[in-house]
Amino acid sequence: MYKFIYFTIILIVIFIISLLLNKLRQKTTNELEKILYIQNDPKLYLELLKNPRLKILYKKSSLLQFQLDAYLLLGDDFKIENIIKLLDRMIMTKGETLEYNLKKLSYYCSQAKKDKAQVAFNKIEDILSKVKGHQAQFIHKESKIIFDIYIRHDTKLIKELEQLQANQEGIVRGLTLYRLAKLSYFDKNSNKAQSYLLQAKELLDNTVWFYIVEEALKDMSVLNYK
């Protein structure tokens, strides 16, 4: 009887601690993402990741993925490749593996490394083939669009993205307009590319993409790899 009560108390304590950790983990994640993506300060973000207390909240693979996010923004290929080598050897949940391969897809597409981008895309497709629902469909479609734009330079997507952006707003529309700028550039239409960039710039203010658009407006060759 006493053993049962003791075991029940332990389970309750573990449950309460798990809830508190999850709440703190989500709050910490939100604060870190704000510094990285809103304040656009990857260097401060990386300094904060050195806090030993974060090892209580996150697994090693999660912390490495956080570092990867920062180095992707900084464009530090050496650090990115080193972290990818470490993460490739780690066991992760399907959700973590999906998130990781989405980042790999984005990176290798920006590097125009077709074979590695294809491997990441295939892994994403494999995971999502076992998942039903609108969210899975959206992620799959988004991944395919990224691959088709960055690797295949598929200018046939222009019409589809034009229709898509007409029903979007804010940052989401801004990103679609940026993609249209890339495809227009690949289609040898610099005037159209510039027009899309100018429209995207107004919608992407206070995001990391704003600075990429500014770079592209100064030198359109940026559209080849960003």
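Residues numbered from 1 in each chain as written. Predicted model: local features only at pLDDT ≥ 70, side-chain atom pairs only at ≥ 80, totals over all residues. Heavy atoms only, no water.

**Focus: the overall build of the chain**
Here comes step 1: Each helix and strand in the chain was counted, giving twelve helices and zero strands.
Here comes step 2: When the backbone C-alpha atoms are referred to their principal axes, the chain occupies close to 80 × 40 × 35 Å.
Here comes step 3: Here the chain holds 226 residues, and 38% of them are scored as buried.
Here comes step 4: A total accessible area of about 14,400 Å² is found for the chain, and carbon and sulfur atoms account for 57% of it.
Here comes step 5: Across the chain, the mean location of the 36 positive side-chain charges is 6 Å away from that of the 26 negative side-chain charges. (Helix = DSSP H or I, 4+ residues; strand = E, 2+ residues; numbered from the N terminus. Buried < 20%, exposed > 50% of the residue type's maximum accessible area, 1.4 Å probe, protein only. Areas by Shrake-Rupley, 256 points an atom, 1.4 Å probe, with all protein chains shown as cover. Lys, Arg positive; Asp, Glu negative; His and termini not counted. Charge placed at Lys NZ, Arg CZ, Asp CG, Glu CD.)

**Let's talk about the packing of helix α4 (residues 60–74) against helix α5 (residues 77–88)**
Here comes step 1: Axis separation between α4 and α5 bottoms out at 9 Å; the angle between their running directions is 160 degrees. It follows that α4 is roughly antiparallel to α5 by the angle criterion. By crossing handedness, the relation of α4 to α5 is classed as left-handed. Residue-level contacts link Ser61, Leu64, Gln65, Gln67, Leu68, Tyr71 and Leu72 of α4 to Lys79, Ile80, Ile83, Ile84, Leu86 and Leu87 of α5.
Here comes step 2: Along the lines of polarity and charge, the residues of the contact of α4 with α5 split into nine nonpolar, three polar and one charged. (Axes fitted to C-alpha atoms, helices over the stretch in contact; angles between N-to-C directions. Parallel < 35°, antiparallel > 145°, perpendicular 65-115°, else oblique. Left-handed = near helix turned anticlockwise from the far one by under 90°. Contact = heavy atoms within 4.5 Å. Nonpolar A, V, L, I, M, F, W, Y, C, P; charged D, E, K, R; others polar.)

**Some thoughts on the confidence of the model for the chain**
Here comes step 1: With 90% of its residues at a pLDDT of 70 or more, the chain has an overall mean of 87.
Here comes step 2: The least confident element of the chain, judged by mean pLDDT, is helix α1 (residues 2–38) at 63; the most confident is α5 at 96.
Here comes step 3: Across residues 1–19, where pLDDT falls below 50, the model places zero contacts with residues more than four positions away in sequence or in other chains. (pLDDT = per-residue confidence, 0-100.)

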